[in-house]
Amino acid sequence: QAKDAGRNRVRFFSPAMQIAIEARLALEHALRRALREEELRLYFQPQIDQHGRYIGAEALVRWHSREQGTLIPPMQFIPLAEETGLILGLGQWVVREACQQLKAWEADPQTRELQLAVNVSARQLQQPDFVAQIRDSLAESGANPARLKLELTESAFLANTQQIDERMKQLRALGVSFSLDDFGTGFSSLSYLKRLPFDQLKIDQAFVRDVTTDPNDAAIVAAILAMSRSLGLEIIAEGVETEAQRDFLLENGCHGFQGYLFGRPAPIEDLAQVW
Ligand code: C2E
Ligand code: MG
Ligand code: MG
Ligand code: MG
């Protein structure tokens, strides 16, 4: 087909590609406006310990699009935000909001001890002033750094592990802690775990899903739990939906849980009712 087009001939995008490109541009434009006009919201999903006590929450961004009149899930705009660089402004907004929420929790004995985890994209972490951004958000809000957890995925380390290592150490010096998100789904999770200063592992929901029916997943999850125990790492199992999954995890020494069984991501007002 490329040959048919011949030399010296302009190749136009196919109608389908043209539509896809326009849809992307429209989405990028809308997301830019969403950031400006404060259409983003943080939802919070509770995390609990082995006794069923609340230990904290993960902040998950949502886009309340006035134009579309719907709630747009992160998977529909985070990848685009990462490609376009919009993730930098978005991520900074998330961190600020999270710090303010933490500060608000500190006022209430019921919520004072809770940790809040935020997701940090590769591009965010690679910004030269990322440490300063976190320090400033903590200082402006007055939140206790020890309650802030940054969730990183393997994609964050592909660029320059040495530099990331230094940055993580600077943030740890502030009192912030780190969680390795989606553990097990990448190629080198174990090598990063060895090289970088993590406090916590999150077992990806892909392994949790079939833990009671697939002997391979059961073996993998049991091995991850045993390993995290010997390494002295905290652990959270993600995507726990059933009691059978929870029981398997409990029996294998899991001490942190997150999933629909305990609560879906929800606006903060909804959580205030349960804890
Ligand atoms: P993640 O960080 O791995 O977050 C966990 C995802 O699993 C969330 O999807 C959550 O709603 C979903 N989940 C939790 N429990 C269950 C369960 O029991 N069953 C099932 N099926 N799903 C469950 P969500 O909120 O759609 O977020 C998707 C991803 O978007 C997140 O994955 C994270 O990578 C990204 N994301 C969300 N918020 C932010 C953000 O503020 N910044 C960045 N950079 N990424 C974000
Ligand atoms: Mg996460
Ligand atoms: Mg995850
Ligand atoms: Mg994920």
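The coordinates are above.
Computed from a predicted structure; not experimentally measured. (Residues numbered from 1 in each chain as written. Chains lettered and ligands numbered in written order. Predicted model: local features only at pLDDT ≥ 70, side-chain atom pairs only at ≥ 80, totals over all residues. Heavy atoms only, no water.)

Taken together, the protein donors to the magnesium ion (ligand 3) comprise Asp181 (OD), Asp182 (OD), Glu238 (OE) and Glu238 (OE), at separations of 2.1 to 2.4 Å. Taken in sequence order, the residues that donate to the magnesium ion (ligand 3) follow the motif D-D-x55-E. A separation of 4.1 Å is found between the magnesium ion (ligand 3) and the magnesium ion (ligand 2), which are bridged by Asp181. Owing to a relative accessible area of 7%, Asp181 belongs among the buried residues under this scheme. (Donors = N, O, S within 2.8 Å, 3.2 Å for Na, K, Ca; no water. Buried < 20%, exposed > 50% of the residue type's maximum accessible area, 1.4 Å probe, protein only.)

Moving on, we come to the pairing of strand E7 (residues 200-203). Side chains Gln200 and Lys202 of E7 all project onto a buried face; the interleaved residues Leu201 and Ile203 project onto the opposite face, where all are buried too. Relative to E7, strand E6 (residues 177-183) runs parallel, the two being bridged by three bridges. Within E7, the position partnered with Ser179 by the bridge is Gln200. Since E6 and E7 lie parallel, the crossover through helix H8 (residues 189-195) that links them has a hand, and here it is right-handed. Relative to strand E8 (residues 234-237), E7 runs parallel, the two sharing four bridges. Paired with Gln200 across the two strands is Glu234, which belongs to E8. (Helix = DSSP H or I, 4+ residues; strand = E, 2+ residues; numbered from the N terminus. Pairing = 2+ DSSP bridges. Right-handed = clockwise from strand over helix to strand, strands pointing away.)

This brings us to unusual backbone geometry. Generally, phi is negative for residues other than glycine and the peptide bonds are trans, each holding for most cases. Of note in this structure, Glu38 is not a glycine but carries a positive phi near 60 degrees. Phi at Asp182 takes a positive value of approximately 55 degrees, unusual for a residue other than glycine. Assignment of secondary structure puts Asp182 in strand E6. Relative accessible area serves as the criterion here: at 26%, Asp182 is assigned to the partly exposed category.

Turning our attention to the site of ligand 1. Residues in contact with ligand 1 amount to 23 residues; listed here are only the nearest, Arg62, Asn119, Ser121, Glu241 and Tyr260. Contact distances for ligand 1 include 2.8 Å between an oxygen atom and a side-chain N or O atom of Arg62. A distance of 3.2 Å separates an oxygen atom of ligand 1 from a polar side-chain atom of Glu238. Within the complex, the protein chains bury 84% of what would otherwise be the 790 Å² of accessible surface of ligand 1. The pocket occupied by ligand 1, as judged from atoms lying within 2 Å of grid points, is the largest pocket. Residues that form the shell around ligand 1 fall into these classes: 10 nonpolar, six polar and seven charged. (Near = heavy atom within 4 Å. Polar contact = N/O pair within 3.5 Å; in protein donor to acceptor, adjacent residues only side chain to side chain. Areas by Shrake-Rupley, 256 points an atom, 1.4 Å probe, with all protein chains shown as cover. 1 Å grid on protein atoms, 1.4 Å probe; cavity = no way out; pocket = protein on both sides within 12 Å on 5 of 7 lines; lining within 4 Å. Sits in = over half its atoms within 2 Å of the grid points. Nonpolar A, V, L, I, M, F, W, Y, C, P; charged D, E, K, R; others polar.)

With that settled, the discussion passes to the packing of helix H2 (residues 15-36) against helix H4 (residues 86-106). Between H2 and H4, the shortest axis-to-axis distance is 11 Å and the interhelical angle comes to 30 degrees. In this view, H2 runs roughly parallel relative to H4, as classed from their interaxial angle. The two elements H2 and H4 meet at a crossing, and its hand is left-handed. Mapping the contact onto sequence places Glu28, Leu31, Arg32 and Leu35 in H2 and Leu86, Gly89 and Leu90 in H4. Classifying every residue of the contact of H2 with H4 gives four nonpolar, one polar and two charged. (Axes fitted to C-alpha atoms, helices over the stretch in contact; angles between N-to-C directions. Parallel < 35°, antiparallel > 145°, perpendicular 65-115°, else oblique. Left-handed = near helix turned anticlockwise from the far one by under 90°. Contact = heavy atoms within 4.5 Å.)

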